[in-house]
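Listed here are the chains, written in short residue letters.
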Amino acid sequence: MNMDAVGSNLKVVESSRRIRYCDGLLRVLGLILTLVAAILTGVDKETKTVPISITKTLPTLHVPVTAKWHYMSAFVNIDMSESAVYLFARYFLISNAIAFSYAAASLVASMSVRTSKDKTGIVLVVLDTTVMGLLLSANGAAIAVGVLGQYGNSHVQWKRVCNMFGGFCHQMTAAIILSLVGSLIFFWLVALAILNLHKKSR
């Protein structure tokens, strides 16, 4: 009987160790993905010379236009749409920066769970879920703006620009994909933490 109890305890310790290892690995991946997504968004910039015709009698003007996340005038024609695009782009960047900062802090906090009570684990589950929701909403907003950039919207006179600013759009697409994978990492963190709490409660 004692040998069975010892064997059972060893299995629990080994399982708990594997869960902690997976948790730490996922947090490092989430940290890297959201950091790279934020950096790609922050440095994304492309300048093109755009021909503009004011009237048929005047010669065509060649104006340099820059696409950049914090003043994405390349995507818009009217002030209202410009402010909306700016807000979505800023929300995406800030959300990934928050997720990165949280991943770094939670990596340290998760290491202390092994010596603390389940309250720390529960707090991490709640915060992981919150960050996952934040990333998913930011990704949804960025994808919506990306669709406008790719296809435009003739009803509100938003012209497609990704055919002109291809490099800018491709880099933003890469940032969105990395951020989406980051949100999936946080989803797996939530699932893993719930599994760990369930095992501890038994």
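None of the values given here were measured: they were computed from a predicted structure.

Colleague: How should the overall build of the protein chain be read in this particular structure?
Modeller: On a plain count of helices and strands, the protein chain comes out with four helices and two strands. Reading the protein chain from its N terminus to its C terminus gives the helix and strand order α-β-β-α-α-α. Looking at the protein chain as a whole, 37% of its 202 residues are labelled buried. Nonlocal contacts in the protein chain, meaning residues at least 24 apart in sequence, comprise 71% of its contacts between residues at least 6 apart. Looking at the protein chain as shown, the accessible area adds up to about 12,100 Å², and 69% of this sits on carbon and sulfur atoms.

Colleague: I would appreciate a short explanation of the confidence of the model for the protein chain in the present structure.
Modeller: Interpretation of the predicted coordinates at a detailed level should be avoided for regions scoring low in pLDDT. Averaged over all residues, the pLDDT of the protein chain equals 78, while 75% of them reach at least 70. Segment residues 72–81: pLDDT under 50, and 25 contacts once partners within four positions in sequence are set aside and those in other chains are kept.

Colleague: In this structure, what is going on with the pattern of salt bridges? I would like to understand it.
Modeller: Opposite charge on two side chains lets them pair, provided their charged atoms get close. Taken as a whole and assessed by the stated rule, the structure comprises two salt bridges. When the shortest N-O distance is used, the salt bridge between Arg27 and Asp23 registers 2.9 Å. Here the residue Arg27 and the residue Asp23 both occupy positions in helix 1 (residues 2–43), the gap between them amounting to four residues, near one helical turn. Several salt bridges converge on common partners, so that one network encompasses Asp23, Arg27 and Asp128.

Colleague: Just checking my understanding: could you explain the UniProt feature "transmembrane region" (unreviewed entry) in the protein chain for this structure?
Modeller: The sites that carry the UniProt feature "transmembrane region" (unreviewed entry) are, in the present numbering, residues 24–43, 88–109, 121–152 and 172–197. Here residues 24–43 runs as 100% helix and 0% strand, with 29 Å between its end C-alpha atoms. Secondary structure over residues 172–197 splits into 100% helix and 0% strand, and the C-alpha atoms at its two ends are 37 Å apart.

Colleague: Mind showing me how you'd approach the environment of Val147 here?
Modeller: Tracing the backbone shows Val147 in helix 3 (residues 118–151). Sequence separation between Val147 and Arg160 is 13 residues; the distance between their C-alpha atoms is 8.8 Å.

Colleague: Quick question: what am I supposed to make of a nonpolar patch on the surface here?
Modeller: Residues Ile52, Ile54, Leu58, Leu61 and Val63 make up a contiguous nonpolar surface patch of roughly 410 Å² in combined accessible area. Inspection of the secondary structure assignment puts Val63 in strand 2 (residues 61–68). Judged by its relative accessible area of 30%, Val63 falls in the partly exposed class.

Rules used throughout
- Residues numbered from 1 in each chain as written.
- Predicted model: local features only at pLDDT ≥ 70, side-chain atom pairs only at ≥ 80, totals over all residues.
- Heavy atoms only, no water.
- Helix = DSSP H or I, 4+ residues; strand = E, 2+ residues; numbered from the N terminus.
- Buried < 20%, exposed > 50% of the residue type's maximum accessible area, 1.4 Å probe, protein only.
- Contact = heavy atoms within 4.5 Å.
- Areas by Shrake-Rupley, 256 points an atom, 1.4 Å probe, with all protein chains shown as cover.
- pLDDT = per-residue confidence, 0-100.
- Salt bridge = Lys/Arg side-chain N within 4 Å of Asp/Glu carboxyl O.
- UniProt positions renumbered as here; feature names shortened; annotations may be inferred.
- Patch = residues over 30% accessible without salt bridge, like charges linked within 9 Å, V, L, I, M, F, W, Y side chains within 5 Å.

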